[in-house]
Every structure is written in structure tokens, then in C-alpha cells.
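Fold and geometry: a report
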Amino acid sequence: MSVSSQTPLPLYLPPTAAQVPSQQPVQTAGPTQPARARWVPTAGRLAVVSIASVLAVLLLWQASGSLGWVDPLMLPPPTELWHTLVELTQEGYRQTPLWQHLLTSTLRALVAFVVAILVGVPLGLSMGLSATLSATLNPFVQFLRPLPKIALVPLVIVWFGIGEGAKFFLIFIATVLSIVVGAAAAVAHISQARLRAAQTLGASRRQLFSHVVLPHALPELFTTVRLAIGIGWTSLIAAEMVAANSGLGWMVINAGSYLRTDVVMLGILLLGLIGYLFDVGLVLLQRRYAPWAGKDA
């Protein structure tokens, strides 16, 4: 028996230098540049941007008057308004100190705002929870809400006379209707799944309102009140048209009839500043009593 020949195994030969691919170092265009820091809009930086924008507008406003771009009678520059502020602080306007005009308008509006919140929030929440109540009151609310409040001045004078009651009613009606609509909408936006989950866990109607409805609606209520107070504050001019002899709104109207545009502009700026302070106060209250606003998953 012949022995079969076996195929020899291939031997491993290391590659020669010519067969090894040469590895060239990677050429870079230049030294590595560090990554630029991305601008993060923090609260401090945003505040700087806001202050810078206000200063830029004030400088442009001042330049328009100083360089004669705009007639100072049409648009008094800030320096003239400052002199007017000093004059009114020392001498008052129409035998009434400036601080009294400020206090009168602020108190008129503040009382109306508080009563409007106390009436509008419970009524709006009730309309949101009760379809029958909403169907009953909603036609009247939706009819009166867009109605220009200055159109009510003749009727208000007939109903309430020319005293403080007429001024209170105009500011109140302008504020409370927006609060009612916003509060009802806040309840309507509550997730039905949450309500059913709470009912499944045995929550009573009172617990359902205090633990589900109110916490969910509270951020929207604050937003509604902020918007409503802005609307009510704008109605101050109409309210102080009713036989007033003091207040910022009356001062603006009276100064306009004498072409005292410096007093008119100063009154407008003071009205805007007080309205802004009202809004800041509401934002602080929202952060205190509804810190979960905007964080709900």
C-alpha cells in the first residue's frame, strides 16, 4: 500500500518593507482653535439687554428733540419731561400735588381690581365646572366683554352719578369680565384623565377641586389676572372722564386740552410705570404661590 502524498502547508512570510503601506502623518491646516463659548441667555444677561434697549431708545428720543428731527411740541424730549416732573413735584398740577394724582388713580384702580378678582375668579371657576351655569351666563359675558367701556360712560353717569361709584364701576366691569372668561377657560383645559384618576382613587368633590382643579388652573389664573388688570388699567382714562378733578387720567385729558404735551407725556409714562409695577407684583405672587407654572409634564 502506497503512502499518499500530503500537500505541504503554506509558510507565513512576514511582509517586506515595500509591501507595508506607509502611514503619513495627518497634516492639519493650522493650530487647533478652541471652541467658542456659546452665549447662554441667563437672567442677568437678559436684564442687561433690556436695560441697553431702554437706554438706546431714550438716547434716540433725546437726539430727535435736541437735533430738531421732531418738533418738541409734538414729542418733548426726556430732559424736558424731567424738568416737568420737578415742576409738578414742587407745584402740583391744577392746585393738586402730583403725589395725590398718583395715589388717587392707584387707589381707584386697586379697589376695583381686588373686587373684580374676588368676584370673577369664583364665578369663572364655577362656570368652568358647571355647563348649565356657563350656558346661562356666557352669552351676557361674551356680549359685554368686547364692548368699549367708554360707550358706557353716559349710562354709568345716569346709574351711579358723578361720584367715585361711577369710576369704580367702569374699572371693575372692564376687569371682571376678562377674569371670568379666563378662569372658565383654565378649568376647561384640565386633563380629563387626571380628573378620572382622582375620582378612581375616591376623591370627593371638594378634594377634587382643591387637589386637582385649583393647582392645575392656578398658573392660568395668574396669567388671566395679569391680562385683565392691564385691560382695567387702560380703562382708567375713561373712568376719570366722569367729573373728576384729580388722578393721572384726568391730568392727561386736562393737559391735552391746553396743549401741554409735556404733562401728557409725563402722565402717560407714569401710567405705564404703575401698570408695570402691578404686573411685576403679580409675577412675584405667581412665583410664590404657583412655582410649578411651566414645569408640568
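Everything in this summary refers to the structure shown in the same document. This one's a predicted model, so the numbers in the text were calculated from it and none came from an experiment. Counting from 1, residues in each chain are numbered in the order their sequence is written. Given that the model is predicted, a residue must reach a pLDDT of at least 70 before its local features are reported, and side-chain atom pairs must reach 80 or more before they are shown or counted; all residues, however, enter totals for whole chains, interfaces and linings. Each side-chain value is worked out from all heavy atoms of the structure, with water and hydrogens disregarded.

Attention shifts here to the overall build of the chain. Put simply, DSSP H or I for four residues or longer makes a helix, DSSP E for two residues or longer makes a strand, and each gets a number counted from the N terminus. Across its full length, the chain carries 11 helices and zero strands. Moving toward the C terminus, one meets the helices and strands of the chain in the order α-α-α-α-α-α-α-α-α-α-α. Counting the 297 residues in the chain, one finds 33% classified as buried. When contacts within the chain are restricted to residue pairs at least 6 apart in sequence, long-range pairs at least 24 apart make up 73% of them. Counting only carbon and sulfur atoms, one obtains 68% of the accessible surface of the chain, whose full area is about 19600 Å². Any residue under 20% of the maximum accessible area for its type is buried, any over 50% is exposed, and the rest in between are partly exposed; the area is computed with a 1.4 Å probe on protein chains only. By definition, residues are in contact when any of their heavy atoms lie within 4.5 Å. The Shrake-Rupley method, run with a 1.4 Å probe, gives the accessible areas here. Residue values count only the displayed protein chains as cover.

Salt-bridge detection follows one rule: a side-chain nitrogen of Lys or Arg within 4 Å of a carboxyl oxygen of Asp or Glu. Within this structure, the stated rule accounts for four salt bridges. In this structure, Arg108 and Glu164 form a salt bridge, with 3.0 Å as the shortest nitrogen-oxygen distance. Of the two residues, Arg108 is situated in helix H3 (residues 98-129) and Glu164 in helix H6 (residues 164-188); the sequence distance between them amounts to 56 residues. Judged by its relative accessible area of 10%, Arg108 falls in the buried class. Of the residues examined, Glu164 reaches a relative accessible area of 44% and is grouped as partly exposed. With a shortest N-O distance of 2.9 Å, Glu240 and Arg108 are connected by a salt bridge. Note that Glu240 is positioned in the loop between helix H9 (236-239) and helix H10 (248-257) and Arg108 in helix H3, a separation of 132 residues in sequence.

Comment: axis = line fitted to C-alpha atoms, over the contacting stretch for helices; angle = value between 0 and 180 degrees taken between N-to-C directions. Contact geometry of H3 with helix H11 (residues 261-289) gives a least axis separation of 12 Å together with a crossing angle of 40 degrees. With respect to their mutual orientation, H3 and H11 come out oblique. You can see that H3 and H11 cross each other, and the crossing is right-handed. Touching Leu98, Leu102, Thr106, Leu110 and Phe113 of H3 are Leu270, Ile274 and Phe278, all from H11. Under the grouping applied here, Gly and all other residues not named as nonpolar or charged are polar, the nonpolar ones being Ala, Val, Leu, Ile, Met, Phe, Trp, Tyr, Cys and Pro and the charged ones Asp, Glu, Lys and Arg. Residues belonging to the contact of H3 with H11 are distributed by class as follows: seven nonpolar, one polar and no charged. Each angle receives one of four descriptions, namely roughly parallel if under 35 degrees, roughly antiparallel if over 145, roughly perpendicular if within 65 to 115, and oblique otherwise. Two helices crossing with the near one rotated counterclockwise from the far one by less than a right angle form a left-handed crossing, whereas a clockwise rotation gives a right-handed crossing.

Turning to the nonpolar core, a few remarks are in order. Only buried residues count toward a nonpolar core, which is a set of Ala, Val, Leu, Ile, Met, Phe, Trp, Tyr and Cys residues joined through side-chain atoms within 4.5 Å. Grouped together as the largest cluster of nonpolar side chains are 58 residues, with contacts concentrated most on Leu88, Tyr93, Phe113, Leu170, Val176, Trp233 and Met251. Contributing elements (two or more residues each) for this core: H3, helix H5 (153-160), H6, helix H7 (192-200), helix H8 (205-234), H9, H10 and H11. Per-element tally for this core: the top contributor is H6, with 13 residues. When neighbours within four sequence positions are excluded, Leu170 is seen to be in contact with Lys149, Leu152, Val153, Val156, Ser235, Ala238, Ala239 and Val242.

Here the focus is the packing of helix H1 (residues 43-66) against helix H2 (residues 78-91). It is the contact of H1 with H2, at a shortest axis distance of 8 Å, that shows an interaxial angle of 95 degrees. In terms of axis orientation, H1 runs roughly perpendicular to H2. In contact with Leu58, Trp61 and Gln62 of H1, H2 contributes Pro78, Thr79 and Leu81. Looking at the contact of H1 with H2 residue by residue, the class counts come to four nonpolar, two polar and no charged.

For the rest of this paragraph, the subject is unusual backbone geometry. The phi torsion of most residues other than glycine is negative, and most of the peptide bonds are trans. A positive phi angle, close to 55 degrees, is found at Arg94, a residue other than glycine. Within the fold, Arg94 resides in the loop between H2 and H3. Overall, the relative accessible area of 40% leaves Arg94 in the partly exposed class. Backbone geometry places Gln95, a non-glycine residue, at a positive phi of 60 degrees. In this fold, Gln95 is placed in the loop between H2 and H3. Gln95 sits in the exposed class, given a relative accessible area of 77%.

To continue, consider the layout of surface pockets. Within this model, the largest pocket holds a volume of roughly 330 Å³. With a 1 Å grid laid over protein atoms only, a set of points is called a cavity when a 1.4 Å probe fits there but cannot get out and a pocket when it is open yet has protein on both sides within 12 Å along at least five of seven lines; lining residues have an atom within 4 Å of a point. Taken together, 13 residues make up the lining of the largest pocket; nearest its centre are Leu129, Leu195, Arg205, Leu208 and Val213. Here the lining of the largest pocket is composed, by residue class, of eight nonpolar, three polar and two charged. Grid points are joined across faces, edges and corners, and a volume is the space filled by probe spheres set on the points. The volume enclosed by the second largest pocket comes to roughly 250 Å³.

Glancing now at a nonpolar patch on the surface. Judged by side-chain polarity, Trp99, Leu103, Leu107, Leu110, Val114, Leu118 and Val119 come together as a nonpolar surface patch covering roughly 680 Å² of accessible area. Note on placement: Val114 falls in helix H3. Candidates for patches are residues over 30% relative accessible area with no salt bridge; among them, like charges are joined within 9 Å and nonpolar side chains (Val, Leu, Ile, Met, Phe, Trp, Tyr) within 5 Å.

Next up on the list: the environment of Met127. Topologically, Met127 is positioned in helix H3. C-alpha separation for the pair Met127 and Ala188, spaced 61 residues apart in sequence, amounts to 9.5 Å. Setting aside residues up to four positions removed in sequence, Met127 forms contacts with Leu133, Ser134, Leu137, Asn138, Val180 and Ala184.

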